[in-house]
Amino acid sequence: MKFGPIPIDTAEGAVLAHATTAGERRFRKAHRLSADDLSLLKAAGVNEVVAAVLAPDDLSEDAAAEKIAESMIHRNIEAKPAATGRVNLHAQAAGIFTVDAAMIDAINAVDPTITIATLAQHAPVEKGQMVATVKIIPFAVASVLVDAVTKICAGGEIIAVNAYQPVRVGVIQTVLPGIKPSVLDKTLRVTEARLARSGGRLTAERRTPHEIGPVAEAAASLARDNDMVVIFGASAMSDFGDVVPAAIERAGGTVIRAGMPVDPGNLLVLGTLGGKRIIGAPGCARSPKENGFDWVLDRLIAGIDVTANDIAGMGVGGLLMEIPTRPQPREPLPARAELKVDIVLLAAGRSSRMGGPNKLLALFDGKPLVRRTAERALDSKASDTIVVTGHQRERVQTVLSGLDVTFADNPDFADGLSSSLKAGIARVSGGAAGAMIVLGDMPGVSSADLDRLIDAFRKSEGRSVVRASHEGKRGNPVLLPRSLFAAIAHLEGDTGARHLVEAEGLDVVDVEIGKGASIDVDTREALEGAGGVLQD
């Protein structure tokens, strides 16, 4: 290929290096010039163009990229059409990415004109995510170079997405005096959430004393009916002969590795029992934050063997203390944009501080407050809106007639806020990653405010509590991740989401939305000050 200024009379078939204008016609970069194009350029007074002239044995950038991509051997990966010398490859399933680094290095060493970039070894990926890209740097490349690359690609599988398998997992939690049942319950919820991302499920739990014998017995029992067993010790492993590794061996299993060079996650134990994998989880695995347990669990669920040497090799990149999330690819994860959020609109209260009238039926700009709030919810990015009714349910439902909302009746509304939370969460769709709790008496919260909360929740990948705030003070609404739904079922009395957030210890993202986060209308004075008119 020759590149540089070319007289217009000899430019037929050349590839433009820059966008060029001829009168009203504009030729884009990389356009191959025809005889008609040259006539237009001459008529416009163009005598010379900067272009690439392909030799007979050259391949155009798109043709070269396509040929290389077609020669690559891969699994669960789809190659997209070539454009501007690039072919992107995307995952066809969620799983763990693997790559033959030696083959990639060999290809990139053939010539600087040909490049392949991939995600890191063992990176977790979502379905549809880009995992690799083939890019040809110039407008064309010698076919002999492309042939050299395709020969390397014929050597075997170069990249793969190892799809997650729907494994069945049994859990053992050991107990010592003083350990709170709430800690054990939270551990189960966090574990269920970890498994859910890969289609697995927790099938059984055993709680035993923190002793070798009972743990060994429970492990042997669970290993018979499950694909994997996970043990959460009440006390961290302090020696390779401690309770968890010793129990694995007493049950007839083998300890593959005790301890790993990943922080947090140092105290992980990996073994086998009856042909099944068994993991002694480090204490950090009780938290949803990424740790070494995730690295081992995800690979096993994806069908990738994990050996003692594999764990020993995790030290480089294993310092996770300052890295709360894994590095993201340059394309956003499709799953993040698709996280569904339902709104639970609480409209069951008795307005007891109002002295009689129902504040939710007060008029704001001629419209009942609860209808205005519901309309704003429907205009947001939320997937569904669930309205919890109780006090004067018929009147509330009447003013909401014609709106595409789901009603959740709470006959126990007099028992307090927790009963309405339970009723609303019970109607949240199975595909929703979270539920935003919206109070019916907050006239200052707009659809745009709700969208800001949903955007922050999606940015956290659905793992954090997202809370509206004003000038640094917490307020409402609050968006709760699905991992908290089970805990809501245990709330009692006039206890709401605030208590739940504080008790569970999840990350909280505060989103400033202005005064609307702190304005509710519990009294006549507050309602009238906000512009409302009470109705009898």
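Residues numbered from 1 in each chain as written. Predicted model: local features only at pLDDT ≥ 70, side-chain atom pairs only at ≥ 80, totals over all residues. Heavy atoms only, no water.

## Observations concerning the environment of Q535
Here's step 1: The topology assignment puts Q535 in the segment after β31 (532–533).
Here's step 2: According to the relative accessible area criterion, Q535 is partly exposed, its value standing at 29%.
Here's step 3: Separated by 167 residues in sequence, Q535 and P368 have C-alpha atoms that sit 9.2 Å apart.
Here's step 4: Look past the residues within four positions of Q535 in its chain and what remains in contact with it is P357, L361, A362 and L363. (Helix = DSSP H or I, 4+ residues; strand = E, 2+ residues; numbered from the N terminus. Buried < 20%, exposed > 50% of the residue type's maximum accessible area, 1.4 Å probe, protein only. Contact = heavy atoms within 4.5 Å.)

## Here we look at the sheet that holds strand β12 (residues 124–125)
Here's step 1: Pairing is mixed across the open sheet formed by four strands, whose spatial order is β7-β15-β10-β12. What marks the edges here is a single partner per strand, and that holds for β7 (73–75) and β12.
Here's step 2: Both strand β10 (residues 95–99) and strand β15 (residues 157–163) contribute to a ladder of five bridges, which runs antiparallel. Its bridge partner being in β15, T98 is matched across the sheet by A160.
Here's step 3: The sheet contacts of helix α3 (residues 101–108) involve β10 and β15, and relative to β15 the element is tilted by about 140°. (Pairing = 2+ DSSP bridges. Axes fitted to C-alpha atoms, helices over the stretch in contact; angles between N-to-C directions.)

## What about the environment of V15?
Here's step 1: Structurally, V15 can be placed in strand β2 (residues 15–16).
Here's step 2: Take V15: its relative accessible area is 5%, and that puts it in the buried class.
Here's step 3: Look past the residues within four positions of V15 in its chain and what remains in contact with it is A30, H31, R32, V50, A51, A52, L54 and F139.

## Some details on the packing of helix α2 (residues 61–71) against helix α4 (residues 143–153)
Here's step 1: Running from N to C, α2 and α4 point in directions that differ by 15°, and their axes come no closer than 8 Å. It follows from the interaxial angle that α2 and α4 lie roughly parallel. Two packed elements cross with a definite hand, and for α2 against α4 that hand is right-handed. Residues A64, K67, I68 and S71 of α2 form the contact with α4, whose own contacting residues are V146, D147, V149, T150 and C153. (Parallel < 35°, antiparallel > 145°, perpendicular 65-115°, else oblique. Left-handed = near helix turned anticlockwise from the far one by under 90°.)

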